[in-house]
Amino acid sequence: MNLRVLSEQNFLTFTREHEWGVDIDQTECLADGTQVEIWDSGVIVFTPANPGPLDLILSCAVHGDETAPIEICDELIEQLRQGYLQSGNRVMFLIANPAAINIGKRFVDENMNRLFSGAHSEGEGLVNKERVRAQKLEQYVARFYEQAPAGKRQRLHYDMHTAIRDSQHEKFAVYPFTHGAPYKKHQLQLLGAMGVNTVLLHEGPTTTFSYFSVRNFAADAFTLELGKVRPFGHNDMHKFAAVKEVLQKLICNQELKLGNFEPSDFHIYQVLRSINRTQQDFELNFPDDVANFTEFAVGYELARDGDKTYPVQTQGESIIFPNAKVALGQRALITVVEVDADQIELV
Ligand SMILES: O=C(O)CCC(=O)N[C@@H](CCC(=O)O)C(=O)O
Ligand SMILES: [Zn+2]
């Protein structure tokens, strides 16, 4: 099949028309010498004639109802394809779950962001299309980083999301488990430049997309929570201006004036507990509209899972990502506590 994406055709539209992937391997050259490769629906790679030092992956729609990051990637992709933006670094855009976009839901059969690092093939194996897609996305990440020019490369992956609930910190990032490697001031400064000055430090391996890139390719990778879940057309895109500006500068290999690192510029949270739902009889003991980062008093019962209860154990313990409707065995809540940036190892 010699399917092609015409230059005047919107790539997100093409991707949604081929929601579970398509057999395509299209390469075009833009006027400035940038090579544009389409490896699949939702997978487009820009390689400038003289690539800078950064191999950048921007992923969105791992959850199909998180539309603001999709709108950001759609705009950047078309700016690049139409020549309004000139890439200076290699960049791959991944629109991860087009089928979930098409039904306006977080996922179709299974939460894709619990399927990476090989989780897609565990248990029953590749039993649904989200698992197959997650495996393919892993292969595209490998192909992108492995095809980089020789020499020392900077690998960066922003997996962009929005949160189901309000947050006391509107934008925040998840710093995946580093297996003891120090955290990086420069990465925190890049996040800060995007308006993301709150960072959660995961304390263990996960099956998320960002952790996959950390663990398998030593990338600087982050889950970015850039706002709240909203339908297409209901995002106030002014709130994402700083995000877009930083991404454009990274794509174009333009200098970012980050200034000096000031620990006090950041709210750093350590993940204390990840509470899973194991029973049908599971409930959270606070209203649905409670915002992320809400703090509860020591002893307050946060959740009940069958006959197991989860009282707050630590002074300052706050909740993140509460979701009582997750599948059995999946994460229903994270609890965190703020730590002083001086308490963590930073390089
Ligand atoms: O708002 C929520 O409950 C979930 C928002 C979201 O999708 N968050 C990611 C975080 C991934 C990570 O921990 O790095 C997720 O739950 O997959
Ligand atoms: Zn998400």
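Quick caveat, the model's predicted, so the values are computed rather than measured.

Brief notes about the packing of aromatic side chains
Then step 1. In total, this model carries 16 aromatic pairs according to the counting rule given.
Then step 2. Considering the side-chain rings of Phe261 and Phe266, the 5.5 Å spacing of their centres and the 15 degrees angle between planes classify their relative orientation as stacked.
Then step 3. Judged by its relative accessible area of 10%, Phe266 is buried.
Then step 4. With a centroid separation of 5.4 Å and 35 degrees between ring planes, the pair formed by Phe286 and Phe296 is classed as tilted. Of the two residues, Phe286 sits in the loop between strand 11 (282-284) and strand 12 (294-295) while Phe296 sits in the loop between strand 12 and strand 13 (301-305), which places them 10 residues apart along the sequence.
Then step 5. For Phe286, a relative accessible area of 9% translates into the label buried.
Then step 6. Judged by relative accessible area, which is 13%, Phe296 ranks as buried.
Then step 7. Aromatic rings pair up to connect Phe144, Tyr145, Phe212 and Phe217 into one cluster.

Section: the domain arrangement of the protein
Then step 1. When the domains of the protein are assigned, the result is domain 1 (11-261) and domain 2 (272-343).
Then step 2. In this structure, domain 1 and domain 2 have C-alpha centres spaced 27 Å apart.
Then step 3. Taken together, the contacts link 15 residues of domain 1 with 18 residues of domain 2.
Then step 4. Buried area between domain 1 and domain 2, summed over both chains or domains, comes out near 1,400 Å², and the portion from carbon and sulfur atoms is 55%.
Then step 5. Together, Arg114, Arg165 and Gln168 form the three largest contributors to the area buried by domain 1 at its contact with domain 2, with a combined 46%.
Then step 6. Run the count over domain 1 and domain 2 and you get 1 salt bridge.

Conventions we followed
- Residues numbered from 1 in each chain as written.
- Chains lettered and ligands numbered in written order.
- Predicted model: local features only at pLDDT ≥ 70, side-chain atom pairs only at ≥ 80, totals over all residues.
- Heavy atoms only, no water.
- Phe/Tyr/Trp six-rings, centres within 6.5 Å; stacked < 30°, edge-to-face > 60°.
- Buried < 20%, exposed > 50% of the residue type's maximum accessible area, 1.4 Å probe, protein only.
- Helix = DSSP H or I, 4+ residues; strand = E, 2+ residues; numbered from the N terminus.
- Domains from an automatic or database assignment.
- Contact = heavy atoms within 4.5 Å.
- Buried area = accessible area lost by both parts, 1.4 Å probe.
- Salt bridge = Lys/Arg side-chain N within 4 Å of Asp/Glu carboxyl O.

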